[in-house]
Amino acid sequence: MPDSIVELRSDTMTRPTPGMREAIANAEVGDDMSGEDPTVNELEARMADLLGKEAAVFACSGTQSNQMGVWTHCQTGDEILIDKTGHIGNFEAGAPAVLSGASVRMLDGQGGLIDVDLVQAALRPINQHFTPTRLVCLENSTNIGGGRTYPLEQIERVCAFAHERGFKTHLDGARFFNACTARGYTPREVAAHFDTVSICFSKGLGCPMGSILVGSQSDIVRARRARKIFGGALRQAGIPAAACLYAIEHHIDRLSIDHEHAQLFARGIAEIDGIRINPDEVETNLVFFEIDPACGTAAELSAALRTRGVHINNVGGPQRLRACTHLDVDADGVLRAVKTIAECLAEGPGADRPAASGAYAHA
Ligand SMILES: Cc1ncc(COP(=O)(O)O)c(C=O)c1O
């Protein structure tokens with residue numbers, strides 16, 4: 001990242017470190033579609049073990065891995081229950097309907113988190129009129145919900161309730177290790193309650209690409225078929241998988257630093273007149289905040305910041321912005337972003353500011 005830019009739009013903006021590039025360059029490879037790529041095989045075995053599951057399958061992206069989970073559990077005509085902000089239901093281009101023929105019912109959770117009462121209220125009799133519910137999806141940490149995380153007891157409650165009713169459970173763990181880090185839970189403690197868990201390597205873990213779906217042997221056999229149908233089965237995939245193995249060794253333990261930087265940012269901007277944020281609600285590396293309408297719109301502030309080398313997107317509403325900390329942002333960058341926001345607001349709303357692009361608004 002050029003020193004002149006503080007990149008807070010998304011943790012997807014991270015670039016591979018020199019160490020990661022070296023791991024990529026030295027990757028042993030084979031034909032993964034034939035099960036012969038040793039690096040992919042090592043990654044899948046490692047992740048299955050880390051989460052205490054039987055098997056895992058490497059995927060190109062979080063969207064692909066989530067949708068492999070949906071396809072594994074659902075048949076045409078089935079219904080998925082998910083919070084109203086959930087990525088699977090909002091930002092995957094209608095993939096549950098397109099790829100699995102499944103409809104999505106949005107629940108009115110808090111901070112992107114749902115509890116048993118909402119799932120219970122969504123239950124319907126088995127009747128020819130109703131779409132049969134098949135899958136309950138949780139997101140942890142939540143993205144648009146606000147970077148929030150589930151207490152283990154809540155996960156346990158929701159998943160136990162879903163399983164008692166014969167539903168499957170899938171976790172969109174795009175930022176799974178951020179959630180584990182924030183709550184101090186082990187990956188196994190969290191994963192134990194889900195049939196399948198999808199985890200992204202291309203976000204806070206800093207890899208150029210790659211996600212993984214973890215679950216039972218039989219579910220992963222089905223998910224592999226989904227991956228092939230979706231055109232995502234690869235050949236010498238050890239090249240990206242080597243980056244993922246590197247990230248497991250070097251980039252999970254450091255996520256707490258991103259969370260500290262998020263706190264630094266949140267507490268800094270909380271002092272600025274015209275900014276609304278409760279830093280106590282910032283749990284991970286995502287910081288959502290609002291600009292008072294009297295000070296302009298989020299798009300205007302985003303555009304003004306951009307001209308000063310601070311990249312923060314307008315996300316999730318006309319007054320709402322999201323800053324995301326990651327391994328390419330240090331404490332100095334965070335403090336510079338805080339100072340620049342204060343300067344922009346001190347100057348007042350600018351009618352001549354260009355609109356922000358919002359190109360990465362939901363990643
Ligand atoms: C919560 C969540 N799930 C899934 C995804 C999809 O990941 P990808 O962009 O790799 O498809 C994202 C991406 O931003 C996300 O934030």
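It should be emphasised that the depicted structure is a prediction, and the values quoted were computed from it without experimental measurement. (Residues numbered from 1 in each chain as written. Predicted model: local features only at pLDDT ≥ 70, side-chain atom pairs only at ≥ 80, totals over all residues. Heavy atoms only, no water.)

> What is the right way to read the packing of aromatic side chains from this model?
Note on aromatic pairs: each is described by the distance of the centres and the angle between the planes. Enumeration over the complete set of coordinates arrives at 2 aromatic pairs. Summarising the aromatic geometry, the rings of Phe176 and Phe177 are spaced 5.3 Å apart at their centres and angled 85° between planes, so their arrangement reads as edge-to-face. As far as the burial class goes, Phe176 and Phe177 line up, both buried. Consider the rings of Phe265 and Phe289, whose centres lie 5.8 Å apart with planes at 65°: the pair is edge-to-face. Within this pair, whereas Phe265 is found in helix α12 (residues 255–269), its partner Phe289 is found in strand β10 (residues 286–291), the two being separated by 24 residues in sequence. Owing to a relative accessible area of 1%, Phe265 belongs among the buried residues under this scheme. Given the relative accessible area of 1%, Phe289 is considered buried. In this structure, Arg165 packs its charged tip against the face of Phe161, placed 3.7 Å from the ring centre. (Phe/Tyr/Trp six-rings, centres within 6.5 Å; stacked < 30°, edge-to-face > 60°. Buried < 20%, exposed > 50% of the residue type's maximum accessible area, 1.4 Å probe, protein only. Helix = DSSP H or I, 4+ residues; strand = E, 2+ residues; numbered from the N terminus. Lys NZ or Arg CZ within 6 Å of the ring centre and 35° of its normal.)

> Explain the pattern of salt bridges here, please?
Pairing between side chains becomes possible if they bear opposite charge and their charged atoms approach one another. In the structure shown here, the tally under the stated rule is 22 salt bridges. Taking the shortest distance from any N to any O, the salt bridge between Asp219 and Lys168 comes out at 4.0 Å. Remark: Lys168 occurs in strand β6 (residues 168–173) and Asp219 occurs in helix α10 (residues 217–229); sequence separation between them is 51 residues. One salt bridge in this structure joins Arg276 and Glu290, with 3.5 Å as the shortest N-O distance. Note that Arg276 is positioned in strand β9 (residues 275–276) and Glu290 in strand β10, a separation of 14 residues in sequence. (Salt bridge = Lys/Arg side-chain N within 4 Å of Asp/Glu carboxyl O.)

> Please explain the environment of Arg267 as it appears in this structure.
Tracing the backbone shows Arg267 in helix α12. Sequence separation between Arg267 and Ile277 is 10 residues, and the spatial gap between their C-alpha atoms is 8.6 Å. If we ignore the near neighbours within four places in the chain, the residues touching Arg267 are Pro279 and Asp280. A distance of 3.1 Å separates polar atoms of two side chains, one belonging to Arg267 and the other to Asp280. (Contact = heavy atoms within 4.5 Å. Polar contact = N/O pair within 3.5 Å; in protein donor to acceptor, adjacent residues only side chain to side chain.)

> Where do I start with the site of the ligand in this structure?
In the vicinity of the ligand lie 14 residues, with Gly62, Thr63, Asp172, Lys203 and Ala363 positioned nearest. Asp172 is positioned with one of its side-chain polar atoms (N or O) 2.6 Å from a nitrogen atom of the ligand. A total of 390 Å² of accessible area belongs to the ligand in isolation, and the protein chains cover 88% of it. Here the element with the most residues in the shell around the ligand is helix α3 (residues 62–73); it accounts for 3 residues. A class-by-class count of the residues in the shell around the ligand yields 2 nonpolar, 7 polar and 5 charged. (Near = heavy atom within 4 Å. Areas by Shrake-Rupley, 256 points an atom, 1.4 Å probe, with all protein chains shown as cover. Nonpolar A, V, L, I, M, F, W, Y, C, P; charged D, E, K, R; others polar.)

> Could you clarify how one ought to interpret unusual backbone geometry in this entry?
With the exception of glycine, the majority of residues adopt a negative phi angle, and the majority of peptide bonds are in the trans configuration. Residues Asn140 and Ser141 are joined by a peptide bond in cis, for which omega reads 0°. Although it is not a glycine, Ala93 sits at a positive phi angle of roughly 60°. Take Ala93: it is sitting in the loop between α4 (87–90) and α5 (95–100).

> Sorry if this is basic, but what is going on with the sheet that holds strand β12 (residues 313–314) here?
Strands belonging to one sheet form pairs held by backbone hydrogen bonds; the direction of such a pair is parallel or antiparallel. Pairing is antiparallel in the open sheet, where 4 strands are placed in the order β9-β10-β13-β12. Sheet topology places β9 and β12 at the edges, where each strand pairs with a single neighbour. Across 5 bridges, the pairing between β10 and strand β13 (residues 320–324) is antiparallel. Across the sheet, residue Phe288 finds its bridge partner in β13, namely Arg322. Sheet strands touched by α12: β9, β10 and β13. Its angle to β10, the strand with the most contacts, is close to 15°. (Pairing = 2+ DSSP bridges. Axes fitted to C-alpha atoms, helices over the stretch in contact; angles between N-to-C directions.)

Such coordinate-based values are descriptive only and should not be taken to indicate function.
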